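Commentary on secondary and tertiary structure
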Amino acid sequence: MTITAYIGLGSNLGDSRQILSEAIAKLKTLGMVKVSRLYQSPPMGPQDQPNYLNAVAELNTALAPLDLLDHLQRFEQEAGRVRLRRWGERTLDLDLLIYGNEKIQNERLTVPHIGILQRDFVVIPLLDLDADLQLNGQPLKDLELIQQPTLTVLADESWA
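Residues numbered from 1 in each chain as written. Predicted model: local features only at pLDDT ≥ 70, side-chain atom pairs only at ≥ 80, totals over all residues. Heavy atoms only, no water.

Ile7, Leu9, Leu27, Leu68, Leu94, Leu96 and Trp159 are the most contacted members of the largest nonpolar core, which totals 29 residues. For this core, the elements supplying multiple residues, two or more each, are strand E1 (3–11), helix H1 (16–27), strand E4 (52–61), helix H2 (65–78) and strand E5 (93–99). No other element matches the five residues that H1 contributes to this core. With residues up to four places along the chain from it excluded, the contact list for leucine 68 reads Ala5, Ile7, Leu30, Leu59, Thr61, Leu63, Leu96 and Tyr99. Listed in part, the 19 residues of the second largest apolar core include Val56, Ile124, Leu143 and Ile146. (Core = buried A, V, L, I, M, F, W, Y, C linked by side-chain atoms within 4.5 Å. Buried < 20%, exposed > 50% of the residue type's maximum accessible area, 1.4 Å probe, protein only. Helix = DSSP H or I, 4+ residues; strand = E, 2+ residues; numbered from the N terminus. Contact = heavy atoms within 4.5 Å.)

Moving on to the UniProt feature "domain: 7,8-dihydro-6-hydroxymethylpterin-pyrophosphokinase" (unreviewed entry) in the chain. UniProt records the feature "domain: 7,8-dihydro-6-hydroxymethylpterin-pyrophosphokinase" (unreviewed entry) at residues 86–97, using the numbering of this structure. Within the segment residues 86–97, helix and strand shares are 0% and 42% respectively, and the terminal C-alpha atoms sit 18 Å apart. (UniProt positions renumbered as here; feature names shortened; annotations may be inferred.)

Here's what the structure looks like:
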């Protein structure tokens, strides 16, 4: 059975655009991929770090949620990911945002991802992929945070 999952991508260390492009190529080994526009956003955590490049990928995959998470974490490691501090700088961050209509809560994974509805750098790229997307019955296009985004569009969907 194929599930539609949404993966958040972020990077603010190294050649972020290249790193994100390589991550998209790796995601394509897991199933059909559609990609949002590429955005630049200010850091969510400590402000003494570079701005982020962000995007979201829609992935149609047969992988189970934890198997998908394992692949995402391996891709992060292959990109040189280290966790220096909470919400700190990173070469690659891949978050499993949504996995079909499933609600998952265990020691390794929470889906839908915590904080989606408060992060314009997630919501706006999600809307690029599906303008009618809802989360827990809440249409994302109706969220107030998209009225005054902190994002800058860097490239259309053909960037990856």
